[in-house]
Amino acid sequence: MTMVKDRLGELKSKRKYNSDVNLDFVPSKSQEEIFCNLEKFTELTEWIRTIRANIEEMRSAISTPSFHYNDKAIREKVEKTMDQSLGLCKQIYTAIKQLQEELAEDERRGSVLFRIKHTQFLVIKDDYLNAYREHEEFVTYYENKIINLMKKEAKAMSYNITDDEAAEMLTSNQTSPFVGNILEETERERQKLRDIMARHSQLAELEKSLIEIRDLFVRISTLVMEQGSLVQVIEYHAQQASLNADHGAHQLEKAREYKLKALKKKTWLLMWVIIILAVLVLLMIIF
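Remember, it's a predicted structure, so these values are computed and weren't measured experimentally. (Residues numbered from 1 in each chain as written. Predicted model: local features only at pLDDT ≥ 70, side-chain atom pairs only at ≥ 80, totals over all residues. Heavy atoms only, no water.)

1. Some words on the overall build of the protein
Along the backbone of the protein there are 6 helices and 0 strands. Contacts in the protein between residues far apart in sequence, at least 24 positions, make up 74% of those at least 6 positions apart. Of the roughly 21,300 Å² of accessible surface on the protein, 61% is carried by carbon and sulfur atoms. (Helix = DSSP H or I, 4+ residues; strand = E, 2+ residues; numbered from the N terminus. Contact = heavy atoms within 4.5 Å. Areas by Shrake-Rupley, 256 points an atom, 1.4 Å probe, with all protein chains shown as cover.)

Here it is as structure tokens:
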């Protein structure tokens, strides 16, 4: 077998260009800022995609015909995923508020960098609001489905429960609450059970109220942010109108200057014509 000679050293010695030339790309300050903003918006986009993926995963888990509300494994998985999505919503909301403050403090409102960042901000903000609404819609759908399943099971076992009672059972995370109804036939046992459920329901209702207050704060903040986008659009158009008005005034000022110069030229031309005619008339009179 013939061995191939290694000519790397020879080729390096005969190369045309000096090896000391630095060909590394050094980005400018504007490019670094663009890359930094791109990383931020990419991370926010990934979080929003995770929220939507969680919604699809949870919807698939509870859409099977065999799903039952006392399936502890599925319910724990779904509720854990809900908490993860809500945590991502809070992180995205905080990041968007920070970006909004940065844009408000940015003095380069007419620059290309500001317009790029502002456009990216509006896109990611609208995407987040849509994802948050989708998450809220799924939470409502999930709770209604659990309540309806509870009511159907209660009806099959000769119980009549209201939506509030089913919601209390859902909040207290009860599994199979209608099993063992034979032991509840006596009035004394019924009363004991009601007392225990009443005390437990009060604590569960307090916990639910705290969770609702937390979610309500996020919801109100999101609505305020959504309405704030309209104000920003109005402010942007007002700034554009102001810039256009200033530009128009500048153009009118230039037109007035051109008109004055043209008038001066016409005046001087007329004066020279009169002088020439006067000279010609004097020459004709003399000769």
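2. A word on the environment of leucine 99
Mapped onto the elements, leucine 99 comes out in helix α3 (residues 72–105). Under the relative-accessibility criterion, leucine 99 is labelled buried at 5%. Measuring from C-alpha to C-alpha, the distance between leucine 99 and lysine 117 comes to 9.1 Å, with 18 residues separating the pair along the chain. Residues contacting leucine 99, with those up to four places away along its chain left out, are Lys40, Phe41, Leu44, Lys117 and Phe121. (Buried < 20%, exposed > 50% of the residue type's maximum accessible area, 1.4 Å probe, protein only.)

3. A word on the nonpolar core
Ranked by size, the top nonpolar core spans 32 residues in total, and within it Tyr128 and Phe138 carry the most contacts. Where this core is concerned, the elements lending two or more residues are α2 (29–62), α3, α4 (112–156) and α6 (187–286). The element that contributes the greatest number of residues to this core is α4, accounting for 12 residues. (Core = buried A, V, L, I, M, F, W, Y, C linked by side-chain atoms within 4.5 Å.)

4. Quick look at the packing of aromatic side chains
Two numbers describe a pair of aromatic rings. These are the distance of the centres and the angle of the planes. Inspection of every chain in the model, using the stated rule, returns 3 aromatic pairs. A centroid spacing of 6.3 Å and a plane angle of 45° characterise the contact between phenylalanine 138 and tyrosine 141, whose relative ring orientation is tilted. Placement of both phenylalanine 138 and tyrosine 141 in helix α4 is noted, with a separation of 3 residues, approximately one turn of the helix. Ring geometry for phenylalanine 138 versus tyrosine 142: centroids 6.4 Å apart, planes at 25°, classification stacked. (Phe/Tyr/Trp six-rings, centres within 6.5 Å; stacked < 30°, edge-to-face > 60°.)

5. Observations concerning the environment of glycine 87
With respect to the element layout, glycine 87 can be found in helix α3. Each C-alpha atom of the pair glycine 87 and isoleucine 51 lies 9.7 Å from the other, and the pair is 36 residues apart in sequence.

6. Concerning the side chain of threonine 81
Its place among the elements puts threonine 81 in helix α3. Setting aside its immediate chain neighbours within four residues, threonine 81 contacts Asn54 and Met58.

7. Considering the pattern of salt bridges
Evaluated as defined, the whole model comprises 10 salt bridges. Between glutamate 134 and arginine 52 there is a salt bridge, and its shortest N-O distance comes to 3.1 Å. In this pair, glutamate 134 sits in helix α4 while arginine 52 sits in helix α2, placing the two residues 82 residues apart along the sequence. By relative accessible area, which is 30% here, glutamate 134 ends up partly exposed. Taking the relative accessible area as the measure of exposure, arginine 52 reaches 25% and is therefore partly exposed. (Salt bridge = Lys/Arg side-chain N within 4 Å of Asp/Glu carboxyl O.)

8. Digging into the confidence of the model for the protein
Residues of the protein with pLDDT of at least 70 account for 75%, and the chain-wide mean is 77. Here helix α1 (residues 8–14) stands out as the least confident element of the protein, with mean pLDDT 55; α3 is the most confident, with 88. Considering only residues more than four positions removed or in separate chains, one finds that residues 17–23, a stretch of pLDDT under 50, has 0 contacts. Within the model, the stretch residues 179–184 combines pLDDT values under 50 with 7 contacts to residues more than four positions away or in other chains. (pLDDT = per-residue confidence, 0-100.)

9. Regarding the environment of lysine 117
If you trace the backbone, lysine 117 turns up in helix α4. The class for lysine 117 is buried, based on a relative accessible area of 8%. Considering only alpha carbons, one finds lysine 117 and phenylalanine 41, 76 residues apart in sequence, at a separation of 9.4 Å. Once residues within four sequence positions are removed from consideration, lysine 117 is found in contact with Asn37, Phe41, Leu99, Glu102 and Leu103.

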